[in-house]
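Chain residues, written in single-letter form:
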Amino acid sequence: MFATENWCIKVDEKTYGPYSNDQMTEFAKQGRLSSRSLVAPAGGKNWREARHYPMLATILASDPQDRRQFGKAAAGMRQAKQPADGEAANFVVIFDVTPGTAGRLSHIVKGLGETIRLTDNVWHLQTTLSATGIKNAIMPHLQIREIVYIADTSRGRTTWHNMTPELHSRLTKSIVTTKHH
């Protein structure tokens with residue numbers, strides 16, 4: 001097999017890229033590329049999970065060192081205990097979606113790991129994905145104005161789509177951080 005220098009990523013039947021190995025490394029660090037992401041060498045049509053390409057498997061096996069809490073809400077707060085390498089983390093996934101969407105998104109969330117459905121639009125999810133990885137799996141299935149908020153309660157990280165920064169900050173402060181007493 002030849003060494004690939006450029007990659008394409010496929011999400012919900014849409015193709016993105018090509019991306020260099022350096023860009024793919026950065027995507028992995030950000031949680032935007034997971035071992036289950038569909039990728040192909042640039043120009044290729046054989047889509048496989050990233051873990052099946054030795055170059056990408058190496059990138060995905062490295063542990064990012066940047067494990068900080070997200071945003072201003074983390075200021076003055078205690079760092080959450082980090083899961084061990086490859087250990088599943090706990091997430092709260094909250095949707096503000098149109099009627100009927102909860103059923104449409106149910107199979108997507110269930111496919112990401114162990115789930116507990118708390119309400120139609122609130123889930124507990126345990127998975128090895130990052131918050132951004134979860135968002136990237138869900139976003140292609142959202143309609144234009146639908147909102148999703150994902151809190152990694154194990155690592156103290158959050159991500160969101162279609163929210164105001166103020167609301168995101170307030171949710172993050174209340175869900176993933178603990179004040180010093």
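Before any of the text, the structure's been laid out above.
Remember, predicted model here, so these are calculated numbers, not experimental data. (Residues numbered from 1 in each chain as written. Predicted model: local features only at pLDDT ≥ 70, side-chain atom pairs only at ≥ 80, totals over all residues. Heavy atoms only, no water.)

### A look at the side chain of Arg155
Part 1 of the reasoning: As for its position among the elements, Arg155 is in the loop between strand S8 (147-152) and strand S9 (157-161).
Part 2 of the reasoning: A distance of 2.8 Å separates a polar atom in the side chain of Arg155 from a polar atom in the side chain of Asp152. (Helix = DSSP H or I, 4+ residues; strand = E, 2+ residues; numbered from the N terminus. Polar contact = N/O pair within 3.5 Å; in protein donor to acceptor, adjacent residues only side chain to side chain.)

### Remarks on the sheet that holds S9
Part 1 of the reasoning: Ordered in space as S6-S7-S5-S8-S9, the five strands form an open sheet in which the pairing is antiparallel. Each edge of the open sheet carries a strand with a single partner, namely strand S6 (114-119) and S9. Averaged over all pairs of adjacent strands, the angle between their axes in this sheet comes to 15°, without regard to strand direction.
Part 2 of the reasoning: Here strand S5 (residues 89-96) pairs with strand S7 (residues 122-127) via six bridges, running antiparallel. Counted as the bridge partner of Val92 is His124 from S7. (Pairing = 2+ DSSP bridges. Axes fitted to C-alpha atoms, helices over the stretch in contact; angles between N-to-C directions.)

### Description of the packing of aromatic side chains
Part 1 of the reasoning: By the definition in use, this model includes two aromatic pairs.
Part 2 of the reasoning: Considering the side-chain rings of Trp7 and Tyr53, the 5.0 Å spacing of their centres and the 70° angle between planes classify their relative orientation as edge-to-face. One end of the pair, Trp7, is in strand S1 (residues 6-11); the other, Tyr53, is in the loop between strand S4 (48-49) and helix H2 (54-61), and 46 residues separate them in sequence.
Part 3 of the reasoning: Residue Trp7 is classed as buried on the basis of its relative accessible area of 2%.
Part 4 of the reasoning: In this structure, Arg48 is placed above the aromatic ring of Tyr53, and the distance from its NZ or CZ to the ring centre is 4.5 Å. (Phe/Tyr/Trp six-rings, centres within 6.5 Å; stacked < 30°, edge-to-face > 60°. Buried < 20%, exposed > 50% of the residue type's maximum accessible area, 1.4 Å probe, protein only. Lys NZ or Arg CZ within 6 Å of the ring centre and 35° of its normal.)

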